Amino acid sequence: MDLDPLILSRIQFAFVVSFHAIFPVFTIGLASYIAVLEGLSFKTKNPAWIKLSSFWTKVFAVVFGMGVVSGIVMSFQFGTNWSNFAQASANFLGPMLSYEVITAFFLEASFLGVLLFGRDRVPAGVHLFAAIMVATGTFISSFWILSANSWMHTPVGTELRDGVFYVTSWSEAIFNPSFPYRFTHMVVASFLTGGFVVAGVSAWYLLIGREVEANRKALSMCLWLLLFLAPAQAIIGDFHGLNTLEHQPMKVAAMEGHWETSKNVPLLLFAIPDQENQTNRFEIGIPSLASLILTHDLDGEILGLNEVAPQEQPPVAIVFWSFRIMVGLGLLMILFAFTGLILRKGGRIWRARWFLQGMRFMSVTPFIAVTAGWFVTEVGRAPWLVYGMMSQAEAVTPSLTGGMALFTLIGYVVVYSLVFSAGVYYLMRVLYVGLEDGEDNGEPDPLERPKRPLSASHVPFELHNDSKANPAEQGGH
Amino acid sequence: MEHFDLALIWAFIIGFGVIMYVLMDGFDLGVGILFPFAPSEEDRDTMMNSVAPVWDGNETWLVLGGAGLLAAFPLVYTILLPALYIGVFLMLSGLIFRGIAFEFRFKARTSRYLWNWAFAGGSTLAAFAQGIVVGTYIQGYETANGVFVGGAFDWLTPFTVLTGLGLLAGYALLGSTWLIMKTEGRLQEWAYKLSLPLLAAVLVVFAIISVWTPFIDDMVRDRWFSNLSIIWVLPALTLLCAFQIFRSVRNRFEGMPFVATMGLFVTAYLGLIVSRWPYLVPPDYTLWDAASAYNSQLFLLLGLLVVIPFVLVYTAWTYWVFRGKVRAGEGYH
Ligand code: HDD
Ligand code: HEM
Ligand code: HEM
């Protein structure tokens, strides 16, 4: 049996990075939300804000903890599986990742402690400051990592000599052409994620009639935010796509399922791309719309996948469908945000159970949209790792065998499944206990200490045995 | 412009980062290694609480080590990691399990014993894997044209298993002396009892390694038996630290055993460095061969000089906030 280390490394990288990415995308949005809640409670002294903030800080702690452990894995992936790439691009990527550690990770770690456990130890102003610093840290971290990633899509400010990239201009390389779009799109995606999760959970509490006042406040606040952000994301995405058309035309051709260079290109709503025969097996589209969107001209010409040899094309079906999932969910988000606005009139929003149920369901959609978006971006870059300069095949670790790669791939899948199920289980438990828990646990506990992300919550691990816990059970095994 | 030897400066910075990591994460991994042997479940709570506030920050130094190597000496990063491929995976899984065990153990009731094992097993695995890294480093790698060309299990030799066990014992010693400093009563007494046997184990492994290395490696032999006799100060200091640990444990001092153990680690570490200096990827590449581009090293150095003082202040501040003894029953559930 011949195992291909390249394919296995790609699957492994996609798996570990997708796993890691779902946590930051939520914590970035949530950190800012918590900072806002802290600001509101600092200003108005309304206990509802403190209650909300304490509750969401607990959720934040769990998610952040999982983000940290999976992130540590990421920083070694470049060396273990992509050592040729790491060697070639170290002059740029090394400083980027190091700056991320020294400017963001240490900042987040230090102030997180004060945020989680310091409410009764530091003055309210310092506590608010800590919340703001944690939120700032998440942005700084996104800045560096997305700059690094964008450079791989649009490599400028560097020159390739003897197989190694040398930086010729730091500012050009850091602020490379796709970076502003990717950064904005990603930050808005994080806010959408935070917004939809908070809105969905609040809607659920309203459905079962818990903590109505605070949860109404939370839902209302989120819906205002989403009303602006959801449409904004579509507009930013459009600009992002236009920029991609300029720098990576084959990725856009794959997104559109467009095989032959031509004019009057239709916008395909549905199609079954057939890479083998270089065509779509079946398609439904709106005439000329793709030309209009991409060139702002009804009979604009768009390059098709046939511009390059089949082996230089990205896997079309994955890109095509991931793109439709992302955009479809984006449109659904806009729809929900506007429905919320309409229902506000006369307070119908609090009575429309179908809407609250719908919002509950919507809380998972940002995670799907974000993962799909990354699949568009990353799979669409194939076969390149550094676009136009270094292919995936050149990048892989030379000494890596298929067996080794398979071993670690299976290993990571097993380890992450365990971590993830335990984490989600615990998170559900925090949500299940809800906001009420926050207040009566007022007395500070001497050992709740900073830098222990998950320990912010007082919730026992098992769901059902709280009442019957007896000492005999505890050590018995 | 290029008249500063930046590669040399970076060698010091990375060297500093590595020993920071070893000392800081070393004692909390050590506490994990000793975990299953603790006198009681209540003592386990105390042990965990003694490192809980700081372990996460400690591990960030590891991330800095990885990213810093990539930035300053990419050749080390891209040879070491492929050479240790399976070992790195094992170390990371160990760190993951012990990281989440920290958090879930206190919430668990019936499943608590599982998290105890995740914590102890994860810490032990991570420590052993790091010892293997040291061993592989001494042993050297098979390289050609700047890439690793050896096999998947080259890192697994009797020698590296020995260094793995050595670091395990060393971390456990750091852990037990840390507990002497941070706890009292029965737990502290237990830690006192443990420290001397652990010290003996560490010294035995050190002795075997010191005799073994010059035999397998001409370069190391030449270095130690040439006219550069000044370096014999280092093993002398190591022995002095060992004696100091022995004496202070005997006399029931509280802080000194930990300080002396750190001294033991630092001097042994320096001894390792002088054996290999200036080779960063033994046996072929020096630190100058392994360095990244001059302007990349400079770009990061400038930022580092500004930011690292702040980082050190945060770290010191955290330890200061949590100074003093951790008491039983202070658990947080
Ligand atoms: C858009 C945001 C984003 C993206 C694309 C990535 N990360 Fe991440 N990462 C974060 C945003 C983030 C964060 C929000 O800053 C986290 C989440 C939890 C945390 O502690 O910080 C984090 C944690 C985190 C940690 C743990 C930090 C610690 O010890 O405190 C590491 C080592 C990495 N990441 C490394 C990576 C690498 C090598 C990536 C790419 C291949 C990557 N991250 C993608
Ligand atoms: C609704 C209309 C949307 C459009 C037109 C759009 C457009 C795009 C395009 C063209 C790309 C690929 C860019 C490239 O690879 O160069 C992309 C990537 C991405 N999208 Fe969207 N998007 C939309 C909605 C969303 C939503 C709702 C989310 C998440 C909440 C999202 C999250 C992402 C992410 C995470 C990426 C990958 C990172 C990046 O390249 O920015 N998008 N989007
Ligand atoms: C955080 C969100 C991200 C997600 C969900 C994501 C997703 C993916 C996916 C699905 C692939 C596989 C593509 C394929 O093999 O066809 C991939 C590849 C890759 N990505 Fe990303 N990516 C993310 C961020 C990043 C960042 C920030 C970097 C670099 C700084 C990066 C670097 C790479 C590399 C090196 C590969 C491996 C080569 C390849 O298979 O193309 N990714 N990623």
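Residues numbered from 1 in each chain as written. Chains lettered and ligands numbered in written order. Predicted model: local features only at pLDDT ≥ 70, side-chain atom pairs only at ≥ 80, totals over all residues. Heavy atoms only, no water.

**Q** Would you take a moment to explain the site of ligand 2 for this structure?
**A** Residues and elements named next belong to chain A. Lining the immediate environment of ligand 2, one finds 24 residues, of which Arg182, His185, Thr244, Lys251 and Met326 sit closest. With respect to ligand 2, the side chain of His185 contributes an N or O atom lying 2.7 Å from a nitrogen atom. A distance of 2.5 Å is found between an oxygen atom of ligand 2 and a side-chain nitrogen or oxygen belonging to Thr244. The leading source of residues in the shell around ligand 2 is helix 7 (residues 212–247), at seven residues. Within the shell around ligand 2, the residues separate by chemical class into 12 nonpolar, nine polar and three charged. (Near = heavy atom within 4 Å. Polar contact = N/O pair within 3.5 Å; in protein donor to acceptor, adjacent residues only side chain to side chain. Helix = DSSP H or I, 4+ residues; strand = E, 2+ residues; numbered from the N terminus. Nonpolar A, V, L, I, M, F, W, Y, C, P; charged D, E, K, R; others polar.)

**Q** Quick question: what am I supposed to make of the coordination of the iron atom of ligand 2 here?
**A** Expected angles at a metal are 109.5 degrees for tetrahedral coordination by four donors and either 90 or 180 degrees for octahedral coordination by six donors. Residue and element names in this part refer to chain A. Ligation of the iron atom of ligand 2 by protein atoms is provided by His185 (NE2) and Met326 (SD), these donors lying 2.1 to 2.4 Å from the ion. One can describe the donor arrangement at the iron atom of ligand 2 as octahedral, given that its six donor atoms subtend angles of 77 to 180 degrees at the metal. Taken together, the residues span a long stretch of sequence, with His185 in helix 6 (residues 179–207) and Met326 in helix 10 (residues 316–344) at a distance of 141 residues. On the basis of relative accessible area, His185 is assigned to the buried category, the value being 17%. (Donors = N, O, S within 2.8 Å, 3.2 Å for Na, K, Ca; no water. Tetrahedral: all angles 85-135°; square planar, octahedral: opposite > 155°, others 65-115°. Buried < 20%, exposed > 50% of the residue type's maximum accessible area, 1.4 Å probe, protein only.)

**Q** Can you walk me through the coordination of the iron atom of ligand 1 in this structure?
**A** In this structure the iron atom of ligand 1 is ligated by exactly one protein donor, A:His20 (NE2), at 2.3 Å. Structurally, the position occupied by A:His20 is in helix 1 (residues 5–44).

**Q** Please explain helix 4 (residues 74–83) of chain B as it appears in this structure.
**A** An α-helical segment advances 3.6 residues per turn. Residues three or four places apart therefore align on the same side. Counting buried positions over the 10 residues of helix 4 of chain B gives 10, a clear majority of the element. If you check which residues of helix 4 of chain B are buried, you get B:Pro74, B:Leu75, B:Val76, B:Tyr77, B:Thr78, B:Ile79, B:Leu80, B:Leu81, B:Pro82 and B:Ala83.

**Q** What exactly am I supposed to notice about the side chain of B:Thr143 here?
**A** All names here are of chain B. Checked against the element boundaries, Thr143 lands in strand 1 (residues 143–144). Look at Thr143 and you get buried, because its relative accessible area is 16%. Excluding its chain neighbours within four sequence positions, the residues that come into contact with Thr143 are Ile79, Phe148, Val149, Asp284 and Tyr285. (Contact = heavy atoms within 4.5 Å.)

**Q** When you look at the packing of aromatic side chains in this model, what are you seeing that I'm missing?
**A** Two aromatic rings are characterised by how far apart their centres lie and by the angle between their planes. Enumeration over the complete set of coordinates arrives at 46 aromatic pairs over all chains. Taking 5.9 Å as the distance between ring centres and 45 degrees as the angle between the ring planes, the aromatic pair formed by A:Phe13 and A:Phe78 counts as tilted. With A:Phe13 in helix 1 and A:Phe78 in helix 2 (residues 47–81), this residue pair connects regions lying 65 residues apart in the sequence. Each ring, one from A:Phe15 and one from A:Phe19, has its centre 6.5 Å from the other, and the planes form 35 degrees; the classification is tilted. Within this pair, A:Phe15 and its partner A:Phe19 are both found in helix 1, separated by four residues, close to a single helical turn. A residue is classified by how much of its surface remains accessible, and A:Phe15, at 26% relative accessible area, is partly exposed. Among the aromatic side chains, those forming a connected cluster through ring pairs are A:Phe92, A:Tyr99, A:Phe143, A:Trp144, A:Trp151, A:Phe165, A:Trp170, A:Phe175, A:Phe179, A:Phe183 and B:Phe299. Residue placement shows A:Lys45 over the ring face of A:Phe42; its charged tip is 4.7 Å from the ring centre. Residue placement shows A:Arg324 over the ring face of A:Phe320; its charged tip is 3.7 Å from the ring centre. (Phe/Tyr/Trp six-rings, centres within 6.5 Å; stacked < 30°, edge-to-face > 60°. Lys NZ or Arg CZ within 6 Å of the ring centre and 35° of its normal.)

**Q** Explain the nonpolar core to me, please; I cannot follow it from the model alone.
**A** One recurring pattern in soluble globular proteins: nonpolar side chains tend to sit buried together. With 229 residues, the main nonpolar core has A:Trp56, A:Val59, A:Phe85 and B:Phe73 as its most contacted residues. In contact with A:Val59, not counting residues within four places along its chain, are A:Phe26, A:Leu30, A:Leu427, A:Val430 and A:Leu431. Residues A:Ala253, A:Leu294, A:Ile302 and A:Leu305 belong to the second largest nonpolar core, which totals 20 residues. (Core = buried A, V, L, I, M, F, W, Y, C linked by side-chain atoms within 4.5 Å.)

**Q** What am I meant to see in the packing of helix 6 of chain A against helix 11 (residues 353–362) of chain A here?
**A** In a packed pair of helices, the relevant descriptors are the angle between the two axes and the axis-to-axis distance. Residue and element names in this part refer to chain A. Their axes nearest at 7 Å, the elements helix 6 and helix 11 cross at an angle of 140 degrees. Here helix 6 lies oblique to helix 11, going by the angle between them. For helix 6 against helix 11, the interelement crossing comes out left-handed. Between helix 6, through Phe196, Ala199, Gly200, Ala203, Trp204, Leu206 and Leu207, and helix 11, the contact on the second element is made entirely by Arg353, Leu356, Gln357, Met359, Arg360 and Met362. (Axes fitted to C-alpha atoms, helices over the stretch in contact; angles between N-to-C directions. Parallel < 35°, antiparallel > 145°, perpendicular 65-115°, else oblique. Left-handed = near helix turned anticlockwise from the far one by under 90°.)

**Q** Teacher, can you tell me more about the site of ligand 3 here?
**A** All names here are of chain A. Near ligand 3, the surroundings consist of 19 residues, among which Arg10, Trp374, Glu378, Leu385 and Gln392 are the closest. One of the side-chain N or O atoms of Arg10 is found 2.8 Å from an oxygen atom in ligand 3. A distance of 2.7 Å separates an oxygen atom of ligand 3 from a polar atom in the side chain of Gln392. For the shell around ligand 3, the elements supplying multiple residues, two or more each, are helix 1, helix 4 (124–153) and helix 12 (365–379). In terms of residues, the shell around ligand 3 owes the most to one element, helix 1, which gives six residues. Considered class by class, the residues forming the shell around ligand 3 number 13 nonpolar, three polar and three charged.

**Q** Looking at this model, I keep getting lost on the pattern of salt bridges. Mind explaining?
**A** Two side chains with opposite charge may pair up if their charged atoms get near one another. Residues and elements named next belong to chain B. Summed over the entire model, instances satisfying the criterion amount to 17 salt bridges over all chains. Here Arg105 and Asp45 are joined by a salt bridge, their closest N and O atoms 3.0 Å apart. Taken together, the positions of Arg105 in helix 5 (residues 85–105) and Asp45 in helix 2 (residues 41–51) put the pair 60 residues apart, joining distant regions of the chain. Neither residue differs from the other here; Arg105 and Asp45 are each classed as buried. A salt bridge links Glu189 to Arg252; its shortest N-O distance comes to 2.9 Å. (Salt bridge = Lys/Arg side-chain N within 4 Å of Asp/Glu carboxyl O.)

**Q** What should I look at first to understand the packing of helix 7 (residues 158–182) of chain B against helix 11 (residues 256–276) of chain B in this one?
**A** Residue and element names in this part refer to chain B. For the pair helix 7 and helix 11, the least separation of the axes is 8 Å and the interaxial angle reads 155 degrees. Classed by the angle they form, the pair helix 7 and helix 11 counts as roughly antiparallel. The crossing of helix 7 and helix 11 is left-handed. Residues Leu167, Gly170, Tyr171, Leu173, Leu174, Thr177, Trp178, Ile180 and Met181 of helix 7 form the contact with helix 11, whose participating residues are Pro257, Phe258, Thr261, Met262, Leu264 and Phe265.

**Q** Mind showing me how you'd approach the confidence of the model for chain B here?
**A** If pLDDT is low for a region, its predicted coordinates should not be looked at in detail. Residues and elements named next belong to chain B. Averaged over all residues, the pLDDT of chain B equals 87, while 95% of them reach at least 70. Mean pLDDT across the elements of chain B bottoms out in strand 1 (80) and peaks in helix 7 (95). Here residues 329–333 is a poorly scored stretch, pLDDT under 50, and it has 22 contacts once near neighbours within four places are set aside; other chains count. (pLDDT = per-residue confidence, 0-100.)

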